[in-house]
Structures are given as structure tokens and as C-alpha cells.
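# Secondary and tertiary structure notes
Here is how the chains run, residue by residue.
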Amino acid sequence: MQQERDPYKENKAPTPVPSLDRPPMKGMGGLIQMVAWGILFFMPFFFTGRQEQSITLESYLHFLKIPVSFMVIFYANYHVLVKRYLFKKHTIRFITSNILLIAAVIFIVHLLPAPHDRPEVEHSWQEIIGFFLGNTILYILVAGLSVAIKMTNSWYAAESARKEMEKNRTEAELKNLKSQLNPHFLFNTLNNIYSLIAFSPDRAQEAVHDLSRLLRYVLYESSLPEVPLGKEIDFIRNYIELMRIRLPENVKVEVNVSPLINQEMKVAPLLFISLIENAFKHGVSNTHPSFIIIDIMQEEKQIHCLIRNSYFPKNTATDKNGSGIGLVNLRKRLSLLYPGAADFSCGQEGETYYSNLKITLL
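This is a predicted model, so every value here is computed, not measured.

### Concerning the packing of helix α8 (residues 229-244) against helix α9 (residues 273-282)
With their axes 11 Å apart at the nearest point, α8 and α9 run at an angle of 20 degrees to one another. Taken together, the axes of α8 and α9 are roughly parallel relative to one another. Of the two possible hands of crossing, α8 and α9 adopt the one that is right-handed. Each of Phe235, Ile236, Tyr239, Ile240 and Met243 in α8 lies in contact with α9, whose residues at this interface are Ile273, Ile276, Glu277 and Phe280. Along the lines of polarity and charge, the residues of the contact of α8 with α9 split into 8 nonpolar, no polar and 1 charged.

Below you can see the structure in the form of C-alpha cells.
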């Protein structure tokens, strides 16, 4: 005998929530930075052929001070200053720290004594001021670029964390709704079997066997996010056959399933059962002719379930059979599972009650 899979005993690792300190697509961002720095570090070699001059080790080491100084400004902001001051809204400290950092870098790169063998060139004070002002602006732009990248990555990480928490909240709410649905379904079905025991113990025993098959589906198959539409329809048929056992002869039950339905199309489980339960609850009379007509159709990717039944409303003051729970849960589940893709309406038309559910599967 094949052992059935119990999804409640399976270990499922929790979905990690993205950290705000770790930017999304970290590998791609690091690759882009490596390419950018590589172009900057090898820039002198790109223009050697045009200027017809060779790059010596000494001149290249002298050039390296510029990209290295850019890296110091960039990563000091990216890894330290933005997180320590700007994220905590210490703007004055952040600006002061950058002023001191840029001043220190300019002093080290441009004001420390140069090698003695390099010829000294006289410059006017206007040229000197323009030179240092231009370099200061470059360093400010590098710091601004670092801040922009860090802030963008942090925003993406925060947005990703928010969506993940929203997803976890939605999944928790769906589980809560399903935990309400299963006892409600069981409660209604047990009431039906209880009514059989008094006048037909054999039929009640058969009903218990049928109920065990339904519960197997509810406990195991419905724990999955989606199930094949064919299995859901089989579950509906089994439920209706179970309900037929206690129906009086004056009740007509008709189930029409379109042969064009794709049996393998995936749908969330237990969406239609609340409507069918409601039809049996309010559409059956022991003394008056009554009917329940269930039509399940498919139009391209849209599943259409239309239920019409005679209407014998229960007294809500005396009815303790979970009145209203099924339809309320159904509306909540549809809003969570198929936002903007589900259309549900129900109401009374004369002496007939209808439930009309359309779901567009993406």
C-alpha cells in the first residue's frame, strides 16, 4: 500500500527576509563597480597610441593617486558615512565628515612633496585656485554618486523586504481562512450524516466512508497552493453525491460540467465548495419542490461557476450551522488569491438564489 504524503510533516525552510544593509543584486552591482574602476585605472593605456608616448612605471604610479583617491571618497561614503550619519539624519555631521575627508585627500594627493626629479612649473594663483576648485568638485561628485547608489540600493532592499513581509502576511491570512473553512465544511457534513443515523444506519455508514475520501482531499490536496481543476471538480461531485443521500425526492440536483474544461489547469483549492454548501443549505425544502443547478464552464483562461437554487432562507436567529462564514471567507480568499482577476456576485431573483463566480487564471 502506497504511503500518502503528509504535507504537515514536511520541513519547509522559511523564506528569508531581505536585509536593509544588503543591496539586491549584489553580484551585479559589484560587477558594474569593478568594470567602472577597471576603465578608470587603465585609462592612461587607452590614449598612449594617440599621444605617441609610452607609460612608465613612475608616471603610472603617479596617475594611480587619482583613481585611488576617488575610491577612498566613494567607499568611505558607501560603507561608513551614509549609514552612520545620513541614514540616522545627522546631516551636519555627514557634510562635515565629507569636507574633512575631501580636504585630507586633496592634501595627500596634491600638496605632499612630489619626487625631486620632476620639474617644477610656476602657476598663477588663478590657475591654482581653479585647479583645487575643479578637484574639489570632482570629489563632491564622487561622494554624491556614492550616496545616490547607496540610497537607491537601500530603497530597493526596503521595498523588497516590505513586499516579502506583505507576502508572508497574505500567506498567514490565507492559512487562517482555510483553517476556518475546513471545520465549517466538516461541521455541515457531519450534521448531514447525523440526520441519517436515525432512519438509515447503513446509508450513514456509507456516508462516513464517502466523507473520509472528502477529508483526505481537504487535509492533503487543499494544503497545496493550487490543484488541478479536474481534482477540484471530482471533489465537488463527491460532495454532491454525499449530500444526495439525505435529500427528499422533491429535490432536483443537476450538475453540468463543460467537456471543454482543461482538467490540468491549476486553481486554488476549495473555492467553489462554499457556494455549493450555501445552495444545499438554503435551496432545499422537505415540503416544497426545490432545485439546485450547478454549471461549471471554461472560456479560454476564465473559469465560470454559476449556481442557481430555490430559496428557502434560514432564520439567522436560530440557525447555528455556521451561517455566513463560508461566503465571507470566500470573498477574502478571492481578494488575496486573485486580486483584480475574480468577479463574484450573489443575490435573489424572485424565488431563485444565484451565485456567480468568474476567475481569470493568468
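### Digging into the pairing of strand β4 (residues 290-299)
Within β4, 7 of the 10 residues are buried, which leaves the element mostly enclosed by the surrounding structure. Between the end of β4 and the start of strand β5 (residues 302-310), which pair antiparallel, lie 2 residues, with Glu300 showing a positive phi angle near 55 degrees.

### Here's the deal with unusual backbone geometry
A positive phi angle, near 65 degrees, is found at Lys89, a position not held by glycine. Looking at where Lys89 falls in the secondary structure, it is placed in the loop between α4 (57-86) and α5 (91-111). Given the relative accessible area of 73%, Lys89 is considered exposed. You will see that Glu300, though not glycine, has its phi angle at about 55 degrees, which is positive.

### Quick look at the sheet that holds strand β6 (residues 342-349)
Read across the open sheet, the 5 strands follow the order β2-β4-β5-β7-β6; overall the sheet is mixed. In the strand order of this sheet, the two ends are held by β2 (251-257) and β6, each with one partner. With strand direction ignored, the average angle separating the axes of adjacent strands in the sheet is 5 degrees. In terms of strand pairing, β4 meets β5 through 8 bridges, oriented antiparallel. The residue bridging Gln298 from the neighbouring strand is Ile303, located in β5. Most of the contacts of α8 go to β2, to which it runs at about 170 degrees, and overall it touches β2, β4 and β5. Along the sheet face, α9 touches β2, β4, β5, β6 and β7 (352-360) and points at about 10 degrees away from the line of β5.

The rules behind the values
- Residues numbered from 1 in each chain as written.
- Predicted model: local features only at pLDDT ≥ 70, side-chain atom pairs only at ≥ 80, totals over all residues.
- Heavy atoms only, no water.
- Axes fitted to C-alpha atoms, helices over the stretch in contact; angles between N-to-C directions.
- Helix = DSSP H or I, 4+ residues; strand = E, 2+ residues; numbered from the N terminus.
- Parallel < 35°, antiparallel > 145°, perpendicular 65-115°, else oblique.
- Left-handed = near helix turned anticlockwise from the far one by under 90°.
- Contact = heavy atoms within 4.5 Å.
- Nonpolar A, V, L, I, M, F, W, Y, C, P; charged D, E, K, R; others polar.
- Buried < 20%, exposed > 50% of the residue type's maximum accessible area, 1.4 Å probe, protein only.
- Pairing = 2+ DSSP bridges.

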